[in-house]
Amino acid sequence: MRKPVIAITGPERGALGPRSLVALMVRLYGGQALQLRPSQHAQLSEFAFDGVVVTGGHDIDPVLYAEEPEVEPKYDSARDQLETAVIDHALNRGVPLLGICRGAQLLNVCRGGSLHQDLKSKRRKTSNRRTLLPLKTLLLETDGLLKQLLGPGPCRINSLHNQAMDRIGDGLRIAAHDLDGIVQAIEDPQQPFLLGVQWHPEFLIFMSSQRRLFKQLIQVSVEQRLQTAQ
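**Q** How do you make sense of the sheet that holds strand β9 (residues 173-177) when you look at a structure like this?
**A** Sheet strands line up and pair through hydrogen bonds in the backbone, either parallel or antiparallel. Spatially, β2-β1-β3-β4-β11-β10-β9-β6-β7 is the arrangement adopted by the nine strands of the open sheet, whose pairing is mixed. The open sheet has two edge strands, β2 (32-36) and β7 (155-159), and neither has a second partner. Shown here is a sheet whose adjacent strand axes are inclined to one another by a mean of 25 degrees, direction ignored. Here strand β6 (residues 131-140) pairs with β9 via two bridges, running antiparallel. Note that in β9 the partner of L139 across the bridge is H177. Relative to strand β4 (residues 97-100), helix α5 (residues 208-229) is tilted by about 150 degrees, and along the sheet it contacts β1 (5-9), β3 (51-54), β4, β7 and β11 (194-197).

Below is the structure:
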């Protein structure tokens, strides 16, 4: 049986660290990493993949959720277009998907949700300081997929984001929040694996609970492919 192919999306250049760490997790759990960049958008139909990881990065253009910019723009429209197409493909075909930070936000937008463009004014109990270290408290809200993987909590996570989910998209539910009530994870209870996390688990792979996110993605990707083949 061939290895499951996991598409990893990101910017045209840079982000070598997080993309390499995600690819490492994919290989560790028996998958084959397929790096997709915005310049490959026109050839997207030529690629076959069993699962998707949409990685972090620049803010999402608010035009995608019908709002005006509230902060100084740091957008990547070519990446928005590629990743929107990849997410739509995954949603339409039931392909397992893990959205990380920006990836979680774009998943929410693709389901009709919206974003908080600047969190500074919304933080009271948590710091605005960005850090790779697991210094933020995560509170699990449901008995769904995320809670099964991370345990009952509370958990410790890192924080690199200045935006977050606001209105939650169709079919999604809040899976976790931080001490300020800011949404930190979303999931679709009707899908075997459709999960968006606001933190960066690829920088926390020294924690077995965070590695389980990638392990489960690979496992479900294999199961889904076998079911499709039957």
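Picking up after the structure, the text goes on.
**Q** Where do I start with empty space enclosed by the protein in this structure?
**A** Counted under the stated rule, the structure contains one cavity of 30 Å³ or more. Size it by volume and the largest cavity reaches roughly 70 Å³. For the largest cavity, the full set of lining residues is A90, L91, G94, V95, P96, R111, Q191, P192, F193, L194, V220 and Q224. Contributing elements (two or more residues each) for the lining of the largest cavity: α2 (77-93) and α5.

**Q** Help me out: how do you make sense of helix α1 (residues 16-28) in this one?
**A** At 3.6 residues per turn, the α-helix brings residues three or four places apart onto the same side. The end-to-end C-alpha separation of α1 is 18 Å, in line with the 18 Å expected for 13 residues at 1.5 Å each. Three or more residues of α1 are buried, namely P18, R19, V22, A23, M25 and V26. Buried residues of α1, viewed axially, fall in a sector of 160 degrees; they line one side. Those residues of α1 that are exposed and aimed more than 90 degrees away from the buried face are L16 and R27. Looking at the buried side of α1, the elements it contacts are β1, β2, β3, β4 and α5. Taken from the residues just after α1, G30 is the one with a positive phi, measuring 90 degrees.

Conventions we followed
- Residues numbered from 1 in each chain as written.
- Predicted model: local features only at pLDDT ≥ 70, side-chain atom pairs only at ≥ 80, totals over all residues.
- Heavy atoms only, no water.
- Pairing = 2+ DSSP bridges.
- Helix = DSSP H or I, 4+ residues; strand = E, 2+ residues; numbered from the N terminus.
- Axes fitted to C-alpha atoms, helices over the stretch in contact; angles between N-to-C directions.
- Contact = heavy atoms within 4.5 Å.
- 1 Å grid on protein atoms, 1.4 Å probe; cavity = no way out; pocket = protein on both sides within 12 Å on 5 of 7 lines; lining within 4 Å.
- Points joined across faces, edges and corners; volume = space filled by probe spheres on them.
- Expected span 1.5 Å × (residues − 1).
- Buried < 20%, exposed > 50% of the residue type's maximum accessible area, 1.4 Å probe, protein only.
- Arc of directions from axis to C-beta.

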